[in-house]
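Notes for the structure review
Residues per chain, in single letters:
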Amino acid sequence: MKVNKIYVKNKNTRYTIIIGKDSLGLLKKQVNTLCPQTKKIGLILDKNIPNHFKRKIKKQLRQYNVFIYEFLPNEKLKSFREANDLLEKLIRNNLNRNDTIITVGGGIIGDFGSFVASIYKRGINLINIPSTLLAQVDSSIGGKTAVNSESGKNLIGTFYQPKLVLSDLTLLKSLSKRNLVCGFAEILKHSLIKDSKFFKKLEKNKNNIFENFDFHTMAEIISKSCKIKLSFVNKDEKEKNDRMILNFGHTFAHAIEVSNKYSGKINHGEAVLAGMILATRLSFVKKVCSRKTLDKIENLYSNSKLLKKFLSFLNKKNLNKIVNFMVVDKKNYDKKINLILIKRIGKTTRPGQYRLSPNEMKKVLKKII
C-alpha cells in the first residue's frame, strides 16, 4: 500500500497526514503507536458513510471499548446544544484524557467532533479521518475547530491539533460530483493564493477529479493542496496574520451561507466558489488585479461549469443581509470588512490591506454581482 506522508511541525505541534488508497488499513497500528494508553474510543461518525467503510473502521478498533456516536452532517449540528449533548455522553461513558476521539466524516463532523475533543476534560487525544475531498484538503488540517452562532459561522471555536490525519482516497469514490466540486473549491483557492503552476495543473487535470477519478492524480493534488495550506498554518498557527490569506473568498462565502440559513441549496464549497469570484471581481474593480487575471479565473469556472446557479444566491433582496453578516466576520477588528484580494494568480494582498465600510461594500456588490 503506497501512501503519501506529510509531516506537520511547528512550534506547538507535530503530527502526520497520511494520504493514500486503502489507508484505513493503517488505523489500528497508528492508534497503538500514537495513543498507547487508550482503552476507550469515542467514534464520531457521519451517518452517510457507506456501511462497508464503517465495518472496516470498527474491525480496526476491535481491541478497544468503542462508543459510537452517529450524526447527520448539517451546519445546525455545529451548535453549543449539540456539543453539550455529546460531552455529557462522553462523561457518562467515562472516557479519560488518555482515551481517544476519532472523527470520521466531512468538514462539519470534523469541526464539531474536534471542538468537543478540544474542550472535553481540557483536551483528549484526537484523530481525524476526513471522508470528503473538502475535509481532506482543508478542514481536517490546521487545528481549527468550531461551532456556529446565530450571528455567523464558526464564531465559537478553539485551535486544537490532532494526533493524526488519515485520508483514505477510496472514501472519495462514494462522493457525488457536487461533493467533489465542493472540495475542488478549496483546492482551487490554494492555487490562487500561492501557486500559479498548481493552477495550470488543475486546469489540465480537472477531468481526472470530476469525470475519470484517478487515484494517482488525486493523491498528488491533495498532497500539494495540504502542503500549501500548511505553509501558511506553520508560520501563523493562531491566525494573527499570514494565515488569514487562506480566507480568500470566505468572507463572502460565510455570509452567503448564513444569509441562506445554511440551506442545502448551497453548500460550503459552492459558497466559496461564489465568494472567490466576487473577491476577484472586486480586485479588478479596485485595480488590484488585471483583466487578464480575472478572465483566466472566470474561464476556468466557465470551462468546468463551476458557477452554475451559485451567484443566484446573491441578489438585491438579500444584499443588506449578506453585508451585515460580513461585518461580524471573525477576521474583522472594527466596523470595516477585512478582505483578501488577488493581485495575480499565486499572489494576494496582505491581511488588513483592504478594508471596506458596509456602505462601500453594498455599492461595490451591486456592480460585481
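Scroll up for the structure.
Below, the structure is looked at part by part. (Residues numbered from 1 in each chain as written. Predicted model: local features only at pLDDT ≥ 70, side-chain atom pairs only at ≥ 80, totals over all residues. Heavy atoms only, no water.)

A look at the pattern of salt bridges
In total, this model carries 18 salt bridges according to the counting rule given. In this structure, Asp 138 and Lys 189 form a salt bridge, with 3.9 Å as the shortest nitrogen-oxygen distance. Here Asp 138 is found in helix α5 (residues 133-139), whereas its partner Lys 189 is found in helix α6 (residues 177-194), with 51 residues between them in sequence. (Salt bridge = Lys/Arg side-chain N within 4 Å of Asp/Glu carboxyl O. Helix = DSSP H or I, 4+ residues; strand = E, 2+ residues; numbered from the N terminus.)

Re the pairing of strand β9 (residues 164-168)
The two faces of a sheet get side chains in turn, since along a regular strand they alternate between them. Here β9 lies mainly inside the structure; five of its five residues are buried. Side chains Leu 164, Leu 166 and Asp 168 project from β9 onto one buried face, and the interleaved Val 165 and Ser 167 project onto a second face that is buried too. Summarising the sheet, strand β2 (residues 14-20) and β9 pair through five bridges and their orientation is parallel. Paired with Ile 17 across the strands is Val 165, a residue of β9. Of the strand pairs in this sheet, strand β6 (residues 125-130) and β9 are connected by two bridges, and their pairing is parallel. When the sheet's bridge partners are listed, Asn 128 is paired in β9 with Val 165. (Buried < 20%, exposed > 50% of the residue type's maximum accessible area, 1.4 Å probe, protein only. Pairing = 2+ DSSP bridges.)

Remarks on the side chain of Thr 349
In this fold, Thr 349 is placed in the loop between β12 (347-348) and β13 (354-356). For Thr 349, a relative accessible area of 1% translates into the label buried. For Thr 349, the contacting residues outside a window of four places in its chain are Ile 245, Val 288, Leu 339, Ile 340, Leu 341, Lys 343 and Tyr 354. (Contact = heavy atoms within 4.5 Å.)

Quick word on helix α1 (residues 27-34)
Taken as a whole, α1 has its buried residues at Leu 27, Gln 30 and Val 31. End-on, the buried residues of α1 take up no more than an arc of 100°, which puts them together on one face. Opposite the buried face of α1, by more than 90 degrees, sit the exposed residues Lys 29 and Thr 33. Each element contacted by the buried residues of α1 is listed here: β2, β3 (40-46), α2 (51-60), β5 (100-105), β6 and β9. (Arc of directions from axis to C-beta.)

A word on the environment of Cys 226
Inspection of the secondary structure assignment puts Cys 226 in helix α9 (residues 215-233). Given a relative accessible area of 0%, Cys 226 falls into the buried group. Counting along the chain gives 89 residues from Cys 226 to Val 137, while the straight-line C-alpha distance between them is 5.4 Å.

Points about the sheet that holds β9
Ordered in space as β1-β2-β9-β6-β5-β3-β4, the seven strands form an open sheet in which the pairing is mixed. Each edge of the open sheet is held by one strand with a lone partner, namely β1 (3-9) and β4 (65-71). Across the sheet, the axes of successive neighbouring strands diverge by a mean angle of 15°, strand direction being ignored. By the bridge criterion, five bridges tie β3 to β5 in an arrangement that is parallel. Residue Leu 45 lies in a different strand from β5, and its bridge partner there is Val 104. Together, β2, β3, β5, β6 and β9 form the strand contacts of α1, whose direction differs from that of β9 by roughly 175°. Helix-sheet contacts for α2 involve β3, β4 and β5, and the interaxial angle to β3 is about 170°. (Axes fitted to C-alpha atoms, helices over the stretch in contact; angles between N-to-C directions.)

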